[in-house]
Amino acid sequence: MAHQIALVVLLLVSPAAMRAAAAAGACAGEKFPAGRAYATCEDLPSLGASLHWTYDAAKSSLSVAFVAAPAGSGGWVAWGLNPTGEGMAGTQALVALKGGSSSSAPAVKTYNITGYVPLGGTSTPIAFPATDLAADEGSGGKIRLYGKLQLHKGMKSVNQVWQVGSSVTGGAPDKHAFGAANLASKTKLVLGSKATAATAPASEPSPAPIAGGPSPSAGAGSDSGASSSVAPSASKNAAAAAGVSAPALAVLALVGFLAIV
Ligand SMILES: *[C@@H]1O[C@H](CO)[C@@H](O)[C@H](O)[C@H]1NC(C)=O
């Protein structure tokens, strides 16, 4: 009985709950074109971005796919490594620019970012020789930027920086916004760390449902105990995400209860 109530509450709030669940391991659900596979993925902590990568320690070669939505449909996304600092200045960046034409694939350029100065329309050399540069468009208007960087021998961890912008002028990325999320877009990339790899949900049930329909685990009998124990906090979070007030949720739960008894 208890788990049936939990199930009803879960179903009532399922779209929000599903979105919350999908947001949790979002990078694991990314479907790349054939031939593009990465050992590890990491949801980055701001701008809804993720990094997928494979590090070949013997060759100091890092293959990456950076995925993020530009701030506008004709905008750009960028990701890079900063071997000399934490912020934007010093970043050796890969930039994918959508620009005006909606049909063609985004162009990819490299920039040695020296500071807060406008970038030109032409690539500049970066400290990590970059090959296999390409970009395509993923779901939800996201741009997926691919490349392979030749790192320095023995690099174990390095600062990474990413950014999104809304427009492109003359083949150059225009200045990005300076909101909290734009300023928070930097972390450390730990190469070849088993601990980091383990945080990527390897056995995430795929594909992650986005909205509607019962969750796979709620339907599985063996999971019902776990479902009912997580339901209260999950539905509270879901309510917060969906903007549903606590009294409204209580009414929903009561309706669910009455429907069962
Ligand atoms: C990047 O720019 C800095 C500052 O101008 C310069 O010292 C460095 O050599 C440049 N790196 C490359 C790879 O050109």
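Residues numbered from 1 in each chain as written. Predicted model: local features only at pLDDT ≥ 70, side-chain atom pairs only at ≥ 80, totals over all residues. Heavy atoms only, no water.

Novice: What am I meant to see in the site of the ligand here?
Specialist: Every residue close to the ligand is listed here: N112, T114, P125, I126 and A127. In isolation the ligand has 360 Å² of accessible area, and contact with the protein removes 36% of it. Along the lines of polarity and charge, the residues of the shell around the ligand split into three nonpolar, two polar and no charged. (Near = heavy atom within 4 Å. Areas by Shrake-Rupley, 256 points an atom, 1.4 Å probe, with all protein chains shown as cover. Nonpolar A, V, L, I, M, F, W, Y, C, P; charged D, E, K, R; others polar.)

Novice: Any chance you could explain the environment of H152 here in plain terms?
Specialist: Structurally, H152 is set in the loop between β8 (143-150) and β9 (157-165). Residue H152 is classed as partly exposed on the basis of its relative accessible area, which comes to 41%. For H152, the contacting residues outside a window of four places in its chain are S60, A127 and F128. (Helix = DSSP H or I, 4+ residues; strand = E, 2+ residues; numbered from the N terminus. Buried < 20%, exposed > 50% of the residue type's maximum accessible area, 1.4 Å probe, protein only. Contact = heavy atoms within 4.5 Å.)

Novice: Even after reading the chapter, I still don't get the sheet that holds strand β12 (residues 186-190), so can you show me in this structure?
Specialist: Within a sheet, adjacent strands bond to each other through the backbone by hydrogen bonds, running parallel or antiparallel. Here five strands make up an open sheet; going across it, the order is β6-β5-β4-β9-β12 and the pairing antiparallel. Edge positions in the sheet fall to β6 (107-112) and β12, since each has one partner strand and no second. Looking at each pair of strands side by side, their axes are set apart by 25° on average, direction ignored. (Pairing = 2+ DSSP bridges. Axes fitted to C-alpha atoms, helices over the stretch in contact; angles between N-to-C directions.)

Novice: What is the right way to read the environment of A28 from this model?
Specialist: In this structure, A28 sits in the loop between α2 (14-24) and β1 (40-43). Residue classification places A28 among the partly exposed positions, given a relative accessible area of 31%. Note: C-alpha distance between A28 and S50 (22 residues apart in sequence) is 9.6 Å.

Novice: Would you mind showing me how to read the pattern of salt bridges here?
Specialist: Pairing between side chains of opposite charge can happen when the charged atoms of each approach one another. The tally for this structure, following the rule as stated, stands at four salt bridges. For K59, the salt bridge goes to D56, with nearest N and O atoms at 4.0 Å. With its nearest N and O atoms 3.3 Å apart, the salt bridge here joins K98 to E137. Within this pair, whereas K98 is found in the loop between β5 (92-97) and β6, its partner E137 is found in strand β7 (residues 130-137), the two being separated by 39 residues in sequence. Taken together, the shared-partner salt bridges connect E30, D136 and R144 into one network. (Salt bridge = Lys/Arg side-chain N within 4 Å of Asp/Glu carboxyl O.)

Novice: Where do I start with the sheet that holds β1 in this structure?
Specialist: Taken in spatial order, the five strands of this open sheet run β1-β2-β3-β8-β7, and their pairing is antiparallel. The open sheet has two free edges, formed respectively by β1 and β7, since each of these has just one partner strand. The average undirected angle you get between the axes of adjacent strands in this sheet is 15°. Where β1 and strand β2 (residues 50-56) come together, four bridges link them in antiparallel fashion.

Novice: What is the right way to read the confidence of the model for the protein chain from this model?
Specialist: Regions with low pLDDT carry predicted coordinates that are not meant to be interpreted in detail. Chain-level statistics for the protein chain give a pLDDT mean of 76 and a share of 62% at 70 or above. Scored below 50 in pLDDT, residues 5-13 shows 17 contacts in the model against residues more than four places distant or in partner chains. Low pLDDT, under 50, characterises residues 15-24; the stretch is placed with 16 contacts to residues that sit more than four places away or in other chains. (pLDDT = per-residue confidence, 0-100.)

Novice: What is the right way to look at the environment of L133 in this model?
Specialist: By the element assignment, L133 lies in strand β7. Accessibility expressed as a relative area gives 32% for L133, which makes it partly exposed. Considered as a pair, L133 and Y146 are 13 residues apart in the sequence and their alpha carbons are 5.6 Å apart.

Novice: Got a minute to help me understand the side chain of T91 in this structure?
Specialist: Here T91 is to be found in the loop between β4 (76-82) and β5. A distance of 3.0 Å separates a polar side-chain atom of T91 from the backbone oxygen of G87. Sequence-distant contacts of T91, defined by excluding residues within four places in its chain, comprise G80, L81, N82, Y111, N112, I113 and V161. (Polar contact = N/O pair within 3.5 Å; in protein donor to acceptor, adjacent residues only side chain to side chain.)

Novice: When you look at a nonpolar patch on the surface in this model, what are you seeing that I'm missing?
Specialist: A surface patch of nonpolar side chains, about 340 Å² in accessible area, is lined by Y116, F178 and L183. Along the chain, F178 turns up in the loop between β11 (172-173) and α3 (180-183). In this structure F178 comes out as partly exposed when scored by relative accessible area, which is 40%. (Patch = residues over 30% accessible without salt bridge, like charges linked within 9 Å, V, L, I, M, F, W, Y side chains within 5 Å.)

Novice: Sorry, what's going on with the state of the cysteines here?
Specialist: In this structure the tally under the stated criterion is one disulfide. Between the sulfur atoms of C27 and its disulfide mate C41 the distance is 2.0 Å. One quick way to see it: the torsion about the S-S bond of C27 and C41 is about 65°, and its sign makes the bridge right-handed. Highlighted residues: C27 in the loop between α2 and β1 and C41 in strand β1, separated in sequence by 14 residues. Residue C27 shares its accessibility class with C41, and that shared class is buried. (Disulfide = S-S within 2.5 Å.)

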